[in-house]
Amino acid sequence: METLQIGGVSARQLADNFGTPLYVYDEDKIIAQAKDAMENFSSDMFKTEVAYASKAFSSIALFKLLAAQGLGFDAVSGGELYGMSRAGVDMSKVYFHGNNKSNKEIEEALELGVGYFVIDNVMECRRLIEIAMEKHIQTKALLRVNPGISAHTHEYIMTAKPDSKFGIFIDDTEHIGQVIELLAESSHVRLAGFHSHIGSQIMDARSFEKAIDTMTYFLAYVQREYGMEQTELSIGGGFGIKYLEEDQPISLGQMCKTMVKYTERCIQEKDISISKLITEPGRAMVGEAGYTLYTIGDRKRSGTKDYLFVDGGMSDNIRPALYDAGYRAVLAEKYKEPAWHTYCIAGKNCESGDVLIDTIKLPEAKSGDLLAVYSTGAYGYSMASNYNRLGRPAVVFAGHGKARVVIRRESYADQYDLEIE
Ligand SMILES: Cc1ncc(COP(=O)(O)O)c(C=O)c1O
Ligand SMILES: N[C@@H](CCCC[NH3+])C(=O)O
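If you're wondering where the values come from, they're calculated on a predicted model, not measured in any experiment. (Residues numbered from 1 in each chain as written. Chains lettered and ligands numbered in written order. Predicted model: local features only at pLDDT ≥ 70, side-chain atom pairs only at ≥ 80, totals over all residues. Heavy atoms only, no water.)

1. Brief notes about the overall build of the chain
The secondary structure content of the chain amounts to 12 helices and 20 strands. A globule of 421 residues ought to have a C-alpha radius of gyration of about 22 Å, and the chain, at 23 Å, matches this closely. When its C-alpha atoms are laid out on the principal axes, the chain stretches across 70 × 55 × 40 Å. For the chain, with 421 residues in total, the buried portion stands at 57%. Carbon and sulfur atoms make up 48% of the accessible area of the chain, which amounts to about 18,400 Å² in all. One finds the centroid of the 45 positive side-chain charges in the chain at a distance of 4 Å from the centroid of its 58 negative side-chain charges. (Helix = DSSP H or I, 4+ residues; strand = E, 2+ residues; numbered from the N terminus. Rg over C-alpha atoms; globule rule 2.2 N^0.38 Å. Buried < 20%, exposed > 50% of the residue type's maximum accessible area, 1.4 Å probe, protein only. Areas by Shrake-Rupley, 256 points an atom, 1.4 Å probe, with all protein chains shown as cover. Lys, Arg positive; Asp, Glu negative; His and termini not counted. Charge placed at Lys NZ, Arg CZ, Asp CG, Glu CD.)

Now the structure itself:
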C-alpha cells in the first residue's frame, strides 16, 4: 500500500503524530516558489521587490522562511504587522495595506518602521499625515488606484470594478489629485508611487498586462500633470494556482518574468521611467504547498448522494461555501488505486452548505481512511474559524522527511480562554 508523502513524510505518519484535521505544508515547495519569484522578478531597468501577501497564510515560521529568501511582505492589519515584527522581518520591506486602517494601527506601523503605507482614500491620507507629524516619523506611501480591469475570476474575488471598495478609481482625478497634493505638502509622508491589484486566482497573463498598460498610462499622466518622476509601481498579486485537474496556471516564475518584461516594454513605449516594480503574490506562494488531511468518519447515503463525512469542514476551509471553490483530493493510502466511486465530501459543521467537495471520484472509502485535499495552503487556515467550537487545526511544516508543528491545534480551553466568568 503506497501512501502519499508530503515533504518526505507519509500522510499516515503525519495524521498519527499530529492528529486530524491537519494543515500540512511542504516546506520545500514554498522555498521553491519563493526562489522562482525572486529569480524571475528582476530587471536591469528598475529595482524590484516581491512582497508576500500574508493574508494568504501567516505564521512566524513562514515569515522567517520567506524573509530568509529576501522577500518583503504585504500586511493588512496590526495583527499581521505584529507577527512580522515578532518574526524579525525587516520592516522597511513591509507594505501596509487595508482600507480603514485605524489610528492605532497607523501609530503601530509607524513605530515599527514599516516601509510603505498603501493609502486607500483621502481621509486615510489626512490621518496618516497628521499621525506621522505628531510622532515625528518620516515614512513613504503608495496610493492604491483601481485601474478598473475586470479580471476573469469569481466575482467575489474581483477587486477592480469601478465600484470596488478598494482604492481610488483611476478616472477619479479629483481625489487622486487631492492625495498627491496633500502628500506633496507633507514634511513626513512622501508619495513614492502607486499600487494596483486586479483580483485573485487569475490565470490569464493578459489581465495583468492590461493592468500594467493602464497603470503606466496613469504614471505618464501623473508625470505630465504633477511632475512626478521615477515613481514606484506595485502591480499587486492575484496569480492563479491549480485547484482542479483542468486548471492550467502559468508558473509563478514565468508570470513574474512576463510582468517585468511587459512593464519594461510599456515604460519604454510611453517614455517614462519607474524606480521600482513591486508584486505581491499570496496564493501562488503557498497555495499548492498546502494540504489538509482529514479522517473519514461515518458514511451515509442520502437521496442521490453518497456522503463521506470528515472531521473538519467549512470551519477549516470556507472557500467552497464562500466562492463555490473546487478542490481535488485523494485517499492518502489508496491514492494510486483506481477511483470508481462517486462521493460527496461533507464536513461536520452544523450548516447544510458545509460541503467541501460536492462530487469526487475515489477508490472505495471506509471509516478511518485518510483524505488529503490538495492546494489548501492559501486562504485555508487564514480564513478558518472556530465555528461550532471545533477549534482550528494544527499547522505542520514538512520537509526532507521531517515534520514540525508551526501552529498548535486550538484546544477546547484555548477557545474559552478569552471568556470572563
Ligand atoms: C492588495 C492585494 N495584494 C495582494 C493580494 C494577494 O492576492 P493573491 O493571494 O491572489 O496573490 C491581495 C488579495 O487579493 C490584495 O488585495
Ligand atoms: N480570500 C480569497 C481571496 C481574497 C484575496 C484577498 N484580496 C480566496 O480565498 O480566494
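2. Re the packing of aromatic side chains
Going through the model one piece at a time under the given rule, you end up with 14 aromatic pairs. Aromatic pair Phe218 and Tyr221: ring centres 6.1 Å apart, planes at 40 degrees, arrangement tilted. Placement of the pair is Phe218 and Tyr221 together in helix H8 (residues 205–226), with a separation of 3 residues, close to one helical turn. Residue Phe218 shares its accessibility class with Tyr221, and that shared class is buried. Of note, Arg389 hangs over the ring of Tyr416, and the distance from its end group to the ring centre comes to 4.3 Å. (Phe/Tyr/Trp six-rings, centres within 6.5 Å; stacked < 30°, edge-to-face > 60°. Lys NZ or Arg CZ within 6 Å of the ring centre and 35° of its normal.)

3. Brief notes about the environment of Met314
Locating Met314 in the fold gives a position in the loop between strand S14 (305–310) and helix H11 (319–323). We classify Met314 as buried; its relative accessible area is 12%. The spatial distance from the C-alpha of Met314 to the C-alpha of Ile180 is 43 Å, given a sequence separation of 134 residues. Not counting the four nearest positions on each side in its chain, Met314 is found in contact with Ala321, Asn349, Glu351, Asp354 and Leu356. (Contact = heavy atoms within 4.5 Å.)

4. Some words on unusual backbone geometry
At the junction of Thr20 and Pro21, the peptide bond is cis and its omega measures out at -5 degrees in the coordinates. Inspection of the secondary structure puts Pro21 in the loop between helix H1 (11–18) and strand S3 (22–26). Of note, Asp271 is a non-glycine position whose phi angle comes to about 55 degrees, a positive value. Positionally, Asp271 belongs in the loop between helix H9 (252–270) and strand S12 (274–279). Positive phi, normally seen in glycine, also occurs at Tyr379, with a value near 60 degrees. Within the secondary structure, Tyr379 is located in the loop between strand S18 (370–374) and strand S19 (394–399). For Tyr379, a relative accessible area of 15% translates into the label buried.

5. A word on the UniProt feature "modified residue: N6-(pyridoxal phosphate)lysine" (unreviewed entry) in the chain
The feature "modified residue: N6-(pyridoxal phosphate)lysine" (unreviewed entry), as given by UniProt, occupies Lys55 in the numbering adopted here. Among the secondary structure elements, Lys55 is positioned in the loop between strand S4 (47–53) and helix H3 (60–68). Not counting residues within four places of it along the chain, the set of residues in contact with Lys55 comprises Asp74, Val76, Glu80, Tyr379 and Ser382. (UniProt positions renumbered as here; feature names shortened; annotations may be inferred.)

6. Overview of the side chain of Glu232
Relative to the elements of secondary structure, Glu232 occurs in strand S11 (residues 231–234). Overall, the relative accessible area of 8% leaves Glu232 in the buried class. Leaving out residues up to four positions away in the same chain, Glu232 has contacts with Tyr116, Leu142, Ala192, Gly193, Phe194, Ser275, Lys276 and Ile278.

7. A few points about the pairing of strand S7 (residues 116–119)
Residue alternation in S7 divides its side chains into two sets, Tyr116 and Val118 and Phe117 and Ile119, and both sets are buried. Pairing analysis gives 2 bridges linking strand S6 (residues 94–96) to S7, with the strands arranged parallel. Across the sheet, Tyr95 pairs through a bridge with Tyr116, a residue of S7. Taken together, S6, helix H5 (residues 103–112) and S7 constitute a β-α-β crossover, and its handedness is right-handed. Judged from the 4 bridges that link them, S7 and strand S8 (residues 139–146) form a sheet pairing that is parallel. Directly across from Val118, in S8, lies its bridge partner Leu142. (Pairing = 2+ DSSP bridges. Right-handed = clockwise from strand over helix to strand, strands pointing away.)

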